[in-house]
2 protein chains.
Amino acid sequence: MIDHNDTALTKRARLVVPGGMYGHMNARSFSATLPQYMASGDGCRITDTDGNTYLDFMCGWGPVVLGHRNPAVQQAVSEQIAKGDCLNGAAPVMVELAELLVDTVAHADWAMLAKNGTDATTACVTIARAATGRRKVLIAHGAYHGAVPWCTPVTAGVTREDRAHLDYFEYNDLDSLRAAVDRAGDDLAAVIVCPFRHDVFRDQELADPLFAKGLRELCDRAGAALILDDVRCGFRLDLAGSWEPLGVRPDLSAWSKAIANGYALAAVTGTDTLREAAGSIYATGSFWYSAVSMAAALATIRELRDTDAMQRMFDSGQRLRDGLAAQARAHGFEVVQTGPVQMPLLRFAGDDDFSQTRLWCDEAGARGVYLHPYHNWFLSAAHTTADIDDALDRTDDAFAALARR
Amino acid sequence: MIDHNDTALTKRARLVVPGGMYGHMNARSFSATLPQYMASGDGCRITDTDGNTYLDFMCGWGPVVLGHRNPAVQQAVSEQIAKGDCLNGAAPVMVELAELLVDTVAHADWAMLAKNGTDATTACVTIARAATGRRKVLIAHGAYHGAVPWCTPVTAGVTREDRAHLDYFEYNDLDSLRAAVDRAGDDLAAVIVCPFRHDVFRDQELADPLFAKGLRELCDRAGAALILDDVRCGFRLDLAGSWEPLGVRPDLSAWSKAIANGYALAAVTGTDTLREAAGSIYATGSFWYSAVSMAAALATIRELRDTDAMQRMFDSGQRLRDGLAAQARAHGFEVVQTGPVQMPLLRFAGDDDFSQTRLWCDEAGARGVYLHPYHNWFLSAAHTTADIDDALDRTDDAFAALARR
């Protein structure tokens, strides 16, 4: 077990960082065996500052879709760094990337680039309001759309007015959505929704195709924008957009995380109807024109498109899920595995406070498998069959250790 | 003259980017001779996609403080890239950087890291509200603090409630500040202010030391946080903080731009009084723990601290200002030069619509000097005496061309 308050780095950090660490990567909040600080990454493996290596099933909480230090991406990054990054104006890679996004994403007629997922979701909401001249935005209860006052899950420092024009519905519940649409009346600007329900601290839930289609119809009838928050799922499930398999296209999509294999980038894509509104808002940032992350995105998306990376991620995820299910059964545990196999989550049945799941993840962590007890995991294209089997050898031991407790 | 709607790249961009370009780097909005797209940068020179090279006095609108592709920064970046960037948890460079910020910035007892300047200003406001349990935030009329609904200068898509708890005062006017503090009453959370008045479309105005001291006293009396928005000035005027020469220390500072010589990074620093509140808000982002930009920041700040970079920036800025003043006189023009010499701005006297200033900047642009007609410029430590003299040869021609019109 690790005392997260008592390693050399965490002790130093507590002096100069509020709480020692902030945000979703605060290891103390989710693990007793996984370290706070990491020294390096290579493919699907990461190594901590004490030299312990882990099979990585968080992938930086999503961004690392091709594996750490993917050669194609690193090559593109090196080439762009040798030219320049933060220039006065964008580099040609910006135009190439916007073209590639428009070619790749089914609904996209245009693209804008930013740095954070929150930049993209905030811009989507602002564009929808600018386009419609309306104010109300509907959000699913419990959904995560970013970490600023209008959407953060923690309300310290948030005022009531920051959320004055938000209203809520239940994911996959058309009746509750319809009621919220009715409440908004002729002031409905947008509905923002994730491709599937991936809230923390609960089983994941795929989108009901009828819900998605009904949402599309309600938005069309109301003249409101359908915003798909594809920040977490994008470029891992379907390159054309995570609702493309459902046949439902958004008006606006927010992208980030996996778009550049870990380099800081976000994007908004939209339809022609919203092009003028998108050009009317002031969306900008000091590093939004920086070329290196765009070069990384070009390489990442092309690699995902031109290789069997997407299929391999699916196959690896399926192999992991099947293996974990068999192990749980063999050790006498009932587990619930939810979400797409590329973004899996495992919870022990009846483990409402996640205590047993935490213990199992701790046992896995101690055996070199990096898993999270209540936030979905991520596969990457660097996870091979052999890597999954390696991980499964270790999780089998973790189940056995839990059974002995 | 360039037709910004008609170059190969801008024509392609107009198809896939709203308006062809967005935000502050939209070249069409400020220049008829400077191109939208840049191919490379080296020291204080940048080269466009047609091979034309410019002496760069915008430095990416601030970030590039040591010059493009500074060797010390590039070396640190290469070394960190070879280890990893976006890992599960931070790398040791995060602790080193937080320690360096606390050592370097006079008021800082702790630091948090983010990506955009807007992330930092938004976090400062949220921390102040969390700490005080109050809502009102005072802002100087015309000041720029970011590009999201609560602060963007363009109000498309912004609702009245996004700014419900903001009130305004005149920069350098203690009476107007005092009146705003009185209006906020016991609901005053913070006053946010820039180190000097650097609003676009007007002469720059240094902070009156009496205003800064009065502001500090008013905040102390009200129990409100003084937030210094050092995003634009930070790491260019005084490493300890841009109000350190005035003897006025903020409670919270927002940093970005020059902190990592162009790599995407922002920071909040604060005093111990606000440490707990800072730990209570949910401030996070997918790339906020990424190691490469932190390694770049360590190298940048050390280079600024351990060499004569700050003095050289000042000297180069002074040489440029003196040279431009002499040239204007010689050509029969009256110009107004304002702001610190490291962040200069030149306007022709009486040129209220900036039309003459634009023409002169266009002439300079056509001669390979990258200047902006209504946004402050930036010097870097890569600008040598010879570079300034080279630039002055060209601006002399620009004045002469303007005199011939």
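Residues numbered from 1 in each chain as written. Chains lettered and ligands numbered in written order. Predicted model: local features only at pLDDT ≥ 70, side-chain atom pairs only at ≥ 80, totals over all residues. Heavy atoms only, no water.

- The name given to chain A in an unreviewed UniProt entry is Aminotransferase class III-fold pyridoxal phosphate-dependent enzyme, with the source organism recorded as Mycolicibacterium mucogenicum DSM 44124.
- In UniProt, chain A has this text filed under Sequence similarities (unreviewed entry): "Belongs to the class-III pyridoxal-phosphate-dependent aminotransferase family."
- Of chain A, the UniProt comment under Cofactor (unreviewed entry) reads exactly: "pyridoxal 5'-phosphate". (UniProt positions renumbered as here; feature names shortened; annotations may be inferred.)

## Side note on the state of the cysteines
Alright, step 1. For the structure on display, the rule yields 0 disulfides over all chains.
Alright, step 2. Looking at the unpaired A:C151, the closest cysteine sulfur is the one in A:C194, lying at 11 Å.
Alright, step 3. Of the cysteine sulfurs around B:C219, a residue in no disulfide, the closest is that of B:C124, at 13 Å. (Disulfide = S-S within 2.5 Å.)

## As for helix α8 (residues 291–306) of chain B
All names here are of chain B.
Alright, step 1. Relative to the 22 Å expected for 16 residues at 1.5 Å per residue, α8 spans 22 Å between its end C-alpha atoms, a close match to the ideal helical length.
Alright, step 2. Counting buried residues in α8 gives 12 out of 16 residues, a clear majority hidden from the surface.
Alright, step 3. Where the residues of α8 are buried, they touch α2 (71–83), α3 (92–104), β4 (110–114) and α9 (309–330). (Helix = DSSP H or I, 4+ residues; strand = E, 2+ residues; numbered from the N terminus. Expected span 1.5 Å × (residues − 1). Buried < 20%, exposed > 50% of the residue type's maximum accessible area, 1.4 Å probe, protein only. Contact = heavy atoms within 4.5 Å.)

## Points about the relation of the copies chain B and chain A
Alright, step 1. Overlay of chain B on chain A (RMSD 0.0 Å): rotation 180°, translation along the axis 0.0 Å. Here the symmetry operator amounts to a two-fold rotation axis.
Alright, step 2. With an isologous cut-off of 70% or more, the 100% of interface residues of chain B that recur at the interface of chain A puts this contact in the isologous class. (Least-squares fit on C-alpha atoms with pLDDT ≥ 70 in both.)

## Focus: the pattern of salt bridges
Alright, step 1. A full pass over the atoms with the stated rule returns 42 salt bridges over all chains.
Alright, step 2. Where salt bridges share partners, they join A:R45, A:D387, A:D390 and A:R394 into one cluster. (Salt bridge = Lys/Arg side-chain N within 4 Å of Asp/Glu carboxyl O.)

## Re the sheet that holds strand β10 (residues 266–270) of chain B
Residue and element names in this part refer to chain B.
Alright, step 1. If you trace the 7 strands from one edge of the open sheet to the other, you get β4-β10-β9-β8-β7-β5-β6, paired in mixed fashion. If you trace the sheet from one side to the other, it starts and ends with β4 and β6 (166–169), each paired once. Adjacent strand axes in the sheet meet at a mean angle of 20°, parallel and antiparallel pairs treated alike.
Alright, step 2. Inspection of the sheet shows strand β8 (residues 225–229) paired to strand β9 (residues 252–255) by 3 bridges, in the parallel sense. (Pairing = 2+ DSSP bridges. Axes fitted to C-alpha atoms, helices over the stretch in contact; angles between N-to-C directions.)

## Quick look at the side chain of B:N26
Alright, step 1. Considering the arrangement of structural elements, one finds B:N26 in the loop between α1 (8–16) and β1 (38–42).
Alright, step 2. Residues within four places of B:N26 in sequence aside, it is in contact with B:M21 and B:Q36.

## Describing the sheet that holds β1(B)
Residues and elements named next belong to chain B.
Alright, step 1. Ordered in space as β1-β2-β3-β13, the 4 strands form an open sheet in which the pairing is mixed. The open sheet has two edge strands with one neighbour each: β1 and β13 (369–370).
Alright, step 2. Of the strand pairs in this sheet, strand β2 (residues 45–48) and strand β3 (residues 53–56) are connected by 3 bridges, and their pairing is antiparallel. When the sheet's bridge partners are listed, I46 is paired in β3 with Y54.
Alright, step 3. Along the sheet, helix α11 (residues 385–404) makes contact with β2, β3 and β13, crossing β3 at roughly 110°.

## Observations concerning the interface of chain B and chain A
In many analyses, interface size is given as the accessible surface area lost on bringing the parts together.
Alright, step 1. With 98 residues of chain B in contact, the opposing surface of chain A contributes 98 residues.
Alright, step 2. Summing both sides of the interface, chain B and chain A together bury roughly 8000 Å²; the carbon and sulfur share of this comes to 61%.
Alright, step 3. Viewed at the interface, chain A and chain B are joined by 2 salt bridges.
Alright, step 4. On the surface where chain B and chain A come into contact, there are 34 residue pairs in polar contact (both at pLDDT 80 or more).
Alright, step 5. Going through the elements one at a time, α1, β1, α2, α3, β4, α4 (117–132) and α7 (275–280) of chain B are the ones with two or more residues in the side of chain B that touches chain A.
Alright, step 6. For the side of chain B that touches chain A, the element with the most residues is α3(B), which contributes 7 residues.
Alright, step 7. Along the lines of polarity and charge, the residues of the side of chain B that touches chain A split into 54 nonpolar, 27 polar and 17 charged. (Buried area = accessible area lost by both parts, 1.4 Å probe. Polar contact = N/O pair within 3.5 Å; in protein donor to acceptor, adjacent residues only side chain to side chain. Nonpolar A, V, L, I, M, F, W, Y, C, P; charged D, E, K, R; others polar.)

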